[in-house]
Amino acid sequence: MSINQEIFNKTFLNKYRRVLVTGGAGFIGGAVVRKLLDFNDVIVFNLDKLTYSSDLYSIDQKLKSLGSAAEGKYTLIKADLCDENKVKNAIEKSDPDLILHLAAESHVDRSIENPNIFMNSNILGTFNLLQNSLSHFNNLSKTRKKKFRFHHISTDEVFGSLEKDCFFNEQTKYDPRSPYSASKAASDHLVNAWHNTYGLPISITNCSNNYGPWQFPEKLIPLIILKGIAGKKIPLYGDGQNVRDWLFVEDHVEAILTTTIMGDIGKTYCVGGGNQLSNLYVAEAICDLLDQNLDRDFTHRNLISFVKDRPGHDKRYAIDSKLIFKEIGWKSKFSFENGLKETVFWYLNNKLWCNNVLKKSGYRGQRIGNLR
Ligand code: NAD
C-alpha cells in the first residue's frame with residue numbers, strides 16, 4: 001500500500017468495524033475477506049450464494065491460521081442477492097459500517113450462453129442490495145452515517161473495446177458489448193443513481209482483469225496453466241492478439257480498501273495493473289514457466305492452439321490509473337513477471353484444490369458460449 005500501513009490501519013479501523021462483503025466466497029471477494037481478517041477488531045460478514053465459482057477453503061485456512069484470534073470475527077451468510085428477505089436479514093444481522101459489493105456472475109462466456117442469471121444476479125441483485133443498504137444507512141446514528149460507505153466493485157469491460165494506444169479512464173463513455181459487461185454497466189448506473197437520488201454514500205472501482213491464486217479454473221490464466229499441466233491443448237480465441245491489462249489480485253484488494261478510506265464519496269476510480277499484454281504473450285509466458293518447472297519431453301508452447309473467436313470479443317482493454325494514484329496514492333506493486341510466477345507455482349502446488357473445485361462445479365475445462 002502506498003500510504004503508510006500503520007496510518008492505513010488506523011484510518012480504516014477508525015471508520016469501519018463491521019464489514020459486509022458480498023461475493024466473499026469468490027476469487028477477489030475471498031482475497032478481500034482474507035485481508036480484512038488480518039485487522040484486529042474488524043468483524044467480517046460474507047454474503048454469498050455459493051455458486052459454482054465459489055469456494056470457502058481459502059477462508060477456512062485463513063481462520064485456522066488465526067486460531068483463537070479468529071473467534072467472533074467472521075460469519076458466512078448463505079444468501080442469493082435476488083432474495084429480498086434474505087438480503088434484508090443479512091443487512092440487519094451484519095449491521096455494517098462498510099459494504100463491499102463483489103457478488104456477481106463474472107464469466108463472459110457463461111453470459112453468452114445463459115444471460116438470464118447475469119441480469120438477475122448482477123442487476124436485480126444489486127438493486128436489492130442498494131435498497132436494503134439505503135434503509136440501513138437512513139437508520140444509522142449521525143456519527144455512523146458520516147463514516148458509512150457502499151463500495152461497488154466493477155470492471156473495465158463496461159467501457160467496451162479500445163483501439164491501439166488508447167486508455168480507459170473515468171471519463172470514458174460506457175459501451176458494454178457482452179451480456180456480462182452490460183449487466184455490470186447497469187449495476188454501476190444503479191449504484192450512481194442511489195447516490196445521486198437518495199444520497200447513499202458510494203464509491204466505485206472499475207478494474208482490469210485480475211489473476212492470482214485461488215481463481216476458479218475457467219478464467220484465462222488458470223485455464224491455460226491447468227491445460228498445460230495436464231499436457232492438453234491450450235485453446236486461444238481468434239488470433240490470440242486480444243489485449244488485457246493484467247492486475248494481480250492482491251494489488252486489487254489494496255486498491256479497493258484504500259479507496260474506501262481515501263476515495264471521495266460518489267466517485268469512480270479506474271484501477272489497472274499497467275500490464276497490457278496479448279493473450280498469446282500470456283499463454284507463452286505460462287508455457288515457459290511450465291517448461292522450467294516440469295520435466296517433460298515437449299515444450300508447452302506446442303500445446304497452444306487457436307480456436308474460433310468468442311462472439312463480440314473485445315479487442316483491447318487498457319486502463320489509465322492516474323486518478324487513483326493522484327488522489328489516493330495507489331499503484332500496482334506486482335510486476336506481471338512476479339505475479340505470474342507466484343500464480344503458476346501456486347497452481348502447480350494446489351492441484352488437489354483445483355480438482356476439488358472442478359469436481360464440485362461440474363466444469364471440465366470445456367468451451368462455453370461458442371454460439372456462432
Ligand atoms: P467469482 O465468480 O470468482 O466470484 C463471484 C462470487 O459471487 C461467487 O462466490 C458467487 O457465489 C457470488 N455470487 C454470484 N451471484 C450471486 C448472487 N446472486 N448472490 C450472492 N452471491 C452471488 O468472481 P470474481 O472474479 O471474484 O469477481 C468479483 C467481482 O469483481 C465481480 O463483481 C466482477 O464483476 C468484478 N471483476 C472481476 C474481474 C476479474 O478479472 N475477475 C475484473 C473486474 C471486475
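Described in the following lines is the structure provided in the data block. If you're wondering where the values come from, they're calculated on a predicted model, not measured in any experiment.

### Focus: the overall build of the protein chain
And then number 1: For the protein chain, the count of helices and strands is 14 helices and 13 strands.
And then number 2: Relative to a compact globule of 372 residues, whose C-alpha radius of gyration would be 21 Å, the protein chain shows 20 Å and is just as compact.
And then number 3: In the protein chain, of all internal contacts separated by at least 6 residues, the share reaching a separation of at least 24 is 83%.
And then number 4: Here the protein chain has roughly 16000 Å² of accessible surface; of this, 49% comes from carbon and sulfur atoms.
And then number 5: Averaging the coordinates of the 48 positive side-chain charges in the protein chain and doing the same for the 41 negative ones gives two points 3 Å apart.

### Looking at the side chain of N46
And then number 1: For N46, the location among the structural elements is in strand β2 (residues 43-48).
And then number 2: Within polar-contact distance, the side chain of N46 engages the backbone nitrogen of G24 at 2.9 Å.
And then number 3: In this structure N46 touches V21, G23, G24, A25, L56, I59, Y74, T75, L76 and I77, once residues within four positions along its chain are discounted.

### Comments concerning the packing of aromatic side chains
And then number 1: Going through the model one piece at a time under the given rule, you end up with 22 aromatic pairs.
And then number 2: The interplanar angle of 40° and the centroid separation of 6.0 Å between the aromatic rings of F8 and F39 together place this pair among those described as tilted. Here F39 lies in the loop between α2 (27-37) and β2 and F8 lies in helix α1 (residues 5-15), a separation of 31 residues in the sequence.
And then number 3: Given a relative accessible area of 0%, F8 falls into the buried group.
And then number 4: On the basis of relative accessibility, which here comes to 5%, the residue F39 falls in the buried class.
And then number 5: Ring geometry for Y211 and F248: centres 5.3 Å apart, planes at 65°, overall edge-to-face. Within this pair, whereas Y211 is found in strand β7 (residues 210-211), its partner F248 is found in strand β10 (residues 247-248), the two being separated by 37 residues in sequence. The burial state of Y211 is the same as that of F248; both residues are buried.
And then number 6: Here the aromatic cluster, defined as three or more aromatic residues joined through ring pairs, consists of Y57, W214, W346, Y347 and W353.

### Re the site of the ligand
And then number 1: Neighbouring the ligand are 29 residues, the closest being I28, D48, S106, Y180 and K184.
And then number 2: At the level of secondary structure, the elements contributing two or more residues to the shell around the ligand comprise α2, β5 (149-155) and α8 (179-198).
And then number 3: Of the residues forming the shell around the ligand, the biggest block, three residues, is contributed by β5.

### A look at the environment of Y211
And then number 1: For Y211, a relative accessible area of 0% translates into the label buried.
And then number 2: Taking the C-alpha atoms as reference points, Y211 and P222, separated by eleven residues in sequence, lie 8.2 Å from one another.
And then number 3: For Y211, the contacting residues outside a window of four places in its chain are F27, I221, W246, L247, F248, V249, S335, F336, G339, L340 and T343.

### Notes on the sheet that holds β5
And then number 1: Pairing is parallel in the open sheet, where seven strands are placed in the order β3-β2-β1-β4-β5-β6-β11. The open sheet has two edge strands, β3 (74-78) and β11 (267-271), and neither has a second partner. Strand-to-strand twist of the sheet, defined as the mean angle between neighbouring strand axes without regard to direction, takes the value 20°.
And then number 2: Both strand β1 (residues 18-22) and β2 contribute to a ladder of five bridges, which runs parallel.

### A closer look at the pattern of salt bridges
And then number 1: Evaluated as defined, the whole model comprises 17 salt bridges.
And then number 2: The partner of E92 in a salt bridge is K88, and the shortest N-O contact between them spans 3.3 Å. Linking E92 with K88, this pair stays in helix α4 (residues 84-94), spanning four residues, or about one helical turn.
And then number 3: K88 sits in the partly exposed class, given a relative accessible area of 41%.

What counts, and at which threshold
Residues numbered from 1 in each chain as written. Predicted model: local features only at pLDDT ≥ 70, side-chain atom pairs only at ≥ 80, totals over all residues. Heavy atoms only, no water. Helix = DSSP H or I, 4+ residues; strand = E, 2+ residues; numbered from the N terminus. Rg over C-alpha atoms; globule rule 2.2 N^0.38 Å. Contact = heavy atoms within 4.5 Å. Areas by Shrake-Rupley, 256 points an atom, 1.4 Å probe, with all protein chains shown as cover. Lys, Arg positive; Asp, Glu negative; His and termini not counted. Charge placed at Lys NZ, Arg CZ, Asp CG, Glu CD. Polar contact = N/O pair within 3.5 Å; in protein donor to acceptor, adjacent residues only side chain to side chain. Phe/Tyr/Trp six-rings, centres within 6.5 Å; stacked < 30°, edge-to-face > 60°. Buried < 20%, exposed > 50% of the residue type's maximum accessible area, 1.4 Å probe, protein only. Near = heavy atom within 4 Å. Pairing = 2+ DSSP bridges. Axes fitted to C-alpha atoms, helices over the stretch in contact; angles between N-to-C directions. Salt bridge = Lys/Arg side-chain N within 4 Å of Asp/Glu carboxyl O.

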